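One letter stands for each residue in the lines below.
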Amino acid sequence: MIAKIPLILEPQPEGGYTVTSPVLPELITEGDTIVECLVNAEDAFAVVLEICEDEGRSLPTEIQVDDAMSPVSVEAVVTVPVR
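Model, not experiment: these values are computed from the prediction.

Things to note about the overall build of the protein
Scanning the protein for helices and strands turns up 1 helix and 5 strands. Beginning at the N terminus, the succession of helices and strands in the protein can be written as β-β-β-β-α-β. Taking all 83 residues of the protein together, 20% fall into the buried category. In the protein, 33% of the contacts between residues at least 6 apart in sequence involve partners at least 24 apart. Counting every atom, the protein has about 6400 Å² of accessible surface; 56% of that belongs to carbon and sulfur.

So this is what it looks like as structure tokens:
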């Protein structure tokens, strides 16, 4: 399954980021880099899916779920060097 989930990566004073989702309050993780945050967010989403299944809840309608063969639209944060 491919799901499009809005994520918020909040920089932390000690470094790294805290990751949350405005549509899935149960999804909370962290990472030292953005790449690590995204990997950890996948793991956290898998846990949220398990919780939803156990409790008989469906995912919020704001989450788009696609099959693996359809095109995926992704928003990304990129760093551009200043000249």
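There is more to say, and it comes next.
Some details on the side chain of S21
In this structure, S21 sits in the loop between β3 (17–20) and β4 (28–31). Residue contacts for S21: discarding those within four places in its chain leaves I5, P6, L7 and L27.

Brief notes about the sheet that holds β4
Across the sheet, which stays open at both edges, the 3 strands sit in the order β2-β3-β4 with antiparallel pairing between neighbours. The sheet is open, and its two edges are formed by β2 (8–11) and β4, each paired on a single side. Strand-to-strand, the axes of this sheet are offset by a mean angle of 25°, without reference to chain direction. Of the strand pairs in this sheet, β3 and β4 are connected by 4 bridges, and their pairing is antiparallel.

Regarding a negative patch on the surface
Together, E14, E30, D32 and E36 make up a region of like negative charge exposed at the surface. With respect to the element layout, E30 can be found in strand β4.

So, how was this worked out
Residues numbered from 1 in each chain as written. Predicted model: local features only at pLDDT ≥ 70, side-chain atom pairs only at ≥ 80, totals over all residues. Heavy atoms only, no water. Helix = DSSP H or I, 4+ residues; strand = E, 2+ residues; numbered from the N terminus. Buried < 20%, exposed > 50% of the residue type's maximum accessible area, 1.4 Å probe, protein only. Contact = heavy atoms within 4.5 Å. Areas by Shrake-Rupley, 256 points an atom, 1.4 Å probe, with all protein chains shown as cover. Pairing = 2+ DSSP bridges. Axes fitted to C-alpha atoms, helices over the stretch in contact; angles between N-to-C directions. Patch = residues over 30% accessible without salt bridge, like charges linked within 9 Å, V, L, I, M, F, W, Y side chains within 5 Å. Salt bridge = Lys/Arg side-chain N within 4 Å of Asp/Glu carboxyl O. Lys, Arg positive; Asp, Glu negative; His and termini not counted. Charge placed at Lys NZ, Arg CZ, Asp CG, Glu CD.

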